[in-house]
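Single-letter residue listing:
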Amino acid sequence: MGARKNGKITIMKILAIETSCDDTCVAIIEVSGDKNPCFRVLSNVISSQVEIHKKWGGVYPSLAKREHQNNLVPVLKEALDRAKILEKSKSVLNKKKTGVLEKILEREKFLLKKLIKFFNSYKKPIIDAITVTIGPGLEPCLWAGINLAKSLSVSWKLPLIPVNHIEAHIFANWIEVFGKNKNVKFPAICLVASGGHTQLILMKKIKSYEILGETRDDAAGECLDKTARILGIGYPGGPIIAVKAEKFKTQHQSEARCWTSSAPKQSFWCGASNLKFQIKLPRPMLNQKNYDFSFSGLKTAVLYDFKKRSTKIRRSKSYIQEMCFEIQQAVIDVLIKKTKQAAKDYKAKTIILGGGVTANKELRKQFAKAFLDESFELVFPEPSFSTDNAAMIGITAYFHFSEAKNWKEIAANANQRI
Ligand code: KG4
Ligand code: ZN
């Protein structure tokens, strides 16, 4: 591997880029050790475009691409700076190198201008490889990150490693700082639930995967985002719904404590049976004997309920909070049941959670409870590594180091499978 030896330990630094959706991310990770690699995140910069996409209630790909082009060089600089490997330089790019950059970024003139300025101002940092997400994701967005990665790889003469975004959500669990998970036992069942995907994956060992099931329509996060749009409460839906669901729960928990005080063994939710709006959403495909999901009907059920209410109710805090609680619970119920089934059927030793939806506190709590008495070990990363970030791309690249490619061979693959 193209890494340096420091005493007896091999140390390698990887610069990672992630632009598959609406976050512009650059990270520098350090890997030490050969057989049992340890990962250290030296920097992990994320520039979120939430404010831009808020008014659409979702991500607008061409707008997101433009934002990536605006943000990539500042985010890159900040990531290098935080990792303490950004050094000023006085040399300027020669004509030949400028020519190659012009070719790579021929349709991204703005990024080209910023990048040339960057190369003329800073030295090549001490890193060993460049990596970038090539899919799955929004194609125009993927290209922004890929073209930056190509430019860096060519200019600094560094290997370029293409990475799959879904696999990276799994490897986010290998981040050393938070990882008691260095020795993940296999087979593992991985649940990746994000804004674009919901998949149950059997991981037999590192880099050996089989997709057991996935959503047949909307992803879990997409369902939450669309629900938030119906309710008019903002974007992205998942975290907003989580806050409102928690408020509902806290409020009703205290009421339920009074209701159930004469019957302490009764579960809390029987106390809450006199809910104001009696919202009851379906749990799609819950009892089907497969590992697939379907969330689009759930969003439709939200819409039906919403439409039958008066304008006053639709806008009321109590209705919105109850709906947030119910939609979140419906998603959690389905994810837990299907994951548990897969874990039992495949005699999994570990359950690995990844993707933005698994940042959800309530989901984590309920997964922990559901798997408490079982022989599986449940692992999930610190929440900021569940949502999109480039550190997870860097870690994944380490495992694919030998698959580095020439920049000309790398292209976006919006529908790439793990
Ligand atoms: O993995 P991610 O950051 O990006 C994709 O690969 O799609 O996931 C984004 C999704 C969004 O749908 C967002 O609403 C959801 O994850 N999400 C959450 C939470 N944080 C983000 N869903 C529920 N609870 C959260 N705390
Ligand atoms: Zn993601």
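Here the structure is a predicted model, which means the values were calculated and not measured.

Peer 1: Even after reading the chapter, I still don't get unusual backbone geometry, so can you show me in this structure?
Peer 2: Excluding glycine, residues mostly have negative phi values, and the peptide bonds linking residues are mostly trans. The omega torsion across glycine 135 and proline 136 is -10 degrees, close enough to zero to call that bond cis. Inspection of the secondary structure assignment puts proline 136 in the loop between strand 5 (129–135) and helix 5 (139–156). Between tyrosine 235 and proline 236 the backbone carries a cis peptide bond, its omega angle lying at -5 degrees. Despite not being glycine, lysine 157 has its phi angle at roughly 55 degrees, a positive value. Relative to the assigned elements, lysine 157 resides in the loop between helix 5 and strand 6 (160–164).

Peer 1: For this particular structure, what's the right way to read the side chain of asparagine 147?
Peer 2: Looking at the secondary structure, you find asparagine 147 in helix 5. Side chain to side chain, asparagine 147 and glutamate 108 meet in a polar contact 2.6 Å long. Residue contacts for asparagine 147: discarding those within four places in its chain leaves Ile104, Leu105 and Glu108.

Peer 1: Please explain the pattern of salt bridges as it appears in this structure.
Peer 2: The full count for this structure, using the stated rule, is 20 salt bridges. The shortest N-O distance in the salt bridge between aspartate 292 and arginine 216 comes to 3.0 Å. Linking aspartate 292 in the loop between helix 9 (268–271) and helix 10 (296–308) with arginine 216 in the loop between strand 9 (208–214) and helix 7 (220–231), this pair joins segments that are 76 residues apart in sequence. Salt bridges linked by common partners bring Asp218, Glu222, Lys226 and Lys299 together as one network.

Peer 1: Just checking my understanding: could you explain helix 13 (residues 361–370) for this structure?
Peer 2: Spacing of three or four residues puts side chains on the same side of an α-helix, whose turn is 3.6 residues. Those residues of helix 13 that fall on the buried side of the exposure criterion are Glu362, Leu363, Arg364, Gln366, Phe367 and Ala370. Near the N-terminus of helix 13, the side chain that reaches the backbone nitrogen of glutamate 362, with its oxygen 3.0 Å away, is that of asparagine 360.

Peer 1: I'm lost on helix 4 (residues 109–121) in this one. Help?
Peer 2: An ideal rise of 1.5 Å per residue puts 18 Å on 13 residues; helix 4 measures up with 19 Å between its terminal C-alpha atoms. Looking at helix 4, one finds that the buried residues are Leu111, Leu112, Leu115, Phe118 and Phe119. The buried side chains of helix 4 occupy one side of the element, clustering within an arc of 125 degrees when seen end-on. Among the exposed residues of helix 4, those pointing more than 90 degrees away from its buried face are Lys109, Lys113 and Lys117.

Basis of the calculations
In this numbering scheme, every chain counts its residues from 1 along its sequence in written order. Chains and ligands are labelled by the order in which they are written, letters from A for the one and numbers from 1 for the other. At least 70 in pLDDT is required for a residue's local features to be given in this predicted model, at least 80 for side-chain atom pairs to be given and counted, and no such filter applies to totals for whole chains, interfaces and linings, which use all residues. Working from all heavy atoms in the structure, the side-chain values ignore hydrogens and water. Helix and strand labels come from DSSP, where a helix needs a run of H or I of at least four residues and a strand needs a run of E of at least two; each type is numbered from the N terminus. Nitrogen and oxygen atoms within 3.5 Å of one another constitute a polar contact, given that in protein one can donate a hydrogen and the other can accept it, and given that sequence-neighbouring residues count only through two side-chain atoms. When checking whether two residues touch, look at their non-hydrogen atoms; a contact exists if any pair is within 4.5 Å. Any carboxyl oxygen of Asp or Glu that lies within 4 Å of a side-chain nitrogen of Lys or Arg is treated as forming a salt bridge with it. Note on classification: 1.4 Å probe, protein chains only; a residue is buried when its accessible area is under 20% of the maximum for its type, exposed when over 50%, partly exposed between these limits. Residue count minus one, scaled by 1.5 Å, sets the expected span of a helix. Each C-beta atom gives one direction from the helix axis, and the arc is the one those directions make.

So far we have only geometry, and geometry alone does not tell us how the molecule works.
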